[in-house]
Amino acid sequence: MDDTDGCSDRQPDRHPDARPDWRVLVVDDEPDLVEVVCGAVRYEGWQARGATTGLEAVREAAQWRPHAVVLDVMLPDLDGLEVLRRVHAEQPEVRVLFLTARDAVEERIAGIAAGGDDYVTKPFSLAEVVVRLRGLLRRAAPATGPARPPAHALVLGDLVLDDRAREVTRDGETIELSPTEYALLAHLMRHPRQVLSKAQILEAVWSYDFGGQAHIVELYISYLRKKLDAGRSPMIHTVRGAGYLIKAAP
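Residues numbered from 1 in each chain as written. Predicted model: local features only at pLDDT ≥ 70, side-chain atom pairs only at ≥ 80, totals over all residues. Heavy atoms only, no water.

Draft legend 1. Structural view of the environment of Thr174. Within the secondary structure, Thr174 sits in strand E9 (residues 173-174). Taking C-alpha positions, Thr174 is 9.9 Å from Leu159, a pair spaced 15 residues apart along the chain. (Helix = DSSP H or I, 4+ residues; strand = E, 2+ residues; numbered from the N terminus.)

Draft legend 2. Fine view of helix H6 (residues 179-189). For H6, a buried count of 8 out of 11 residues is recorded, marking the element as mostly surrounded by other parts of the structure. Buried within H6 we find Glu181, Tyr182, Leu184, Leu185, Ala186, His187, Leu188 and Met189. (Buried < 20%, exposed > 50% of the residue type's maximum accessible area, 1.4 Å probe, protein only.)

Draft legend 3. Examining the packing of aromatic side chains more closely. Within the structure shown, the criterion is met by 3 aromatic pairs. With a centroid separation of 5.5 Å and an interplanar angle of 65°, the aromatic rings of Trp206 and Tyr220 are classed as edge-to-face. You can see Trp206 sitting in helix H7 (residues 198-206) and its partner Tyr220 sitting in helix H8 (residues 214-228), a full 14 residues away along the chain. Judged by centre distance (5.1 Å) and plane angle (80°), the rings of Tyr220 and Tyr223 are edge-to-face. Taken together, the residues Tyr220 and Tyr223, both in helix H8 and 3 residues apart, mark about one turn of the helix. For Tyr223, a relative accessible area of 30% translates into the label partly exposed. Ring-pair connections join several aromatic residues into one group, and the members of that group are Trp206, Tyr220 and Tyr223. (Phe/Tyr/Trp six-rings, centres within 6.5 Å; stacked < 30°, edge-to-face > 60°.)

What follows is the structure, encoded as structure tokens:
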């Protein structure tokens, strides 16, 4: 769909808990409803596209490869069950949240039996749709891989430092750091594969002139190693007589 239909890829500022790599396709024959649900999806920080027919939904799914589909059962050409069948034939990991009429018990049963993951009944609240989608997307996460690091993050191999969120992860696992440990790691990551002397590190992280404080650097390097490198290939290396450097693990 083009950018004028209200359900393109454009996004507002992301929700703090956003997974910006999550993609949600919204399918309903009412364009206004598609636009509203897409807006709610984007408000959560996820990506959204819309479709108003079954054939359009199948095309979008094949090209865009969403992680989840919000899918109306009653569509003007293919019904939702056929859309589900065609999408799952190519992408069996896609999660599907059906939209059904309140009194259509048979639709709900048929949707789940066909491989749908959940349903909401019309009329529905956007909050309910978002909550149910969040649950489906979290369960889909192992199949879709880790989130793509945001553009502003520092990335070195499997180590990611997101300065806006003040978060550090390695291989997708969150690493809790003290403020000083965080500042030290950020300084190292801003100079990858570069040997930094203890004097340079002291000046950058502690704002001290070098004068007998080398043990502080040594101590905090040891703290970082225990948290970053424990049980993993090491990233922080000592260059004897020169200082320290950080590089991606082999």
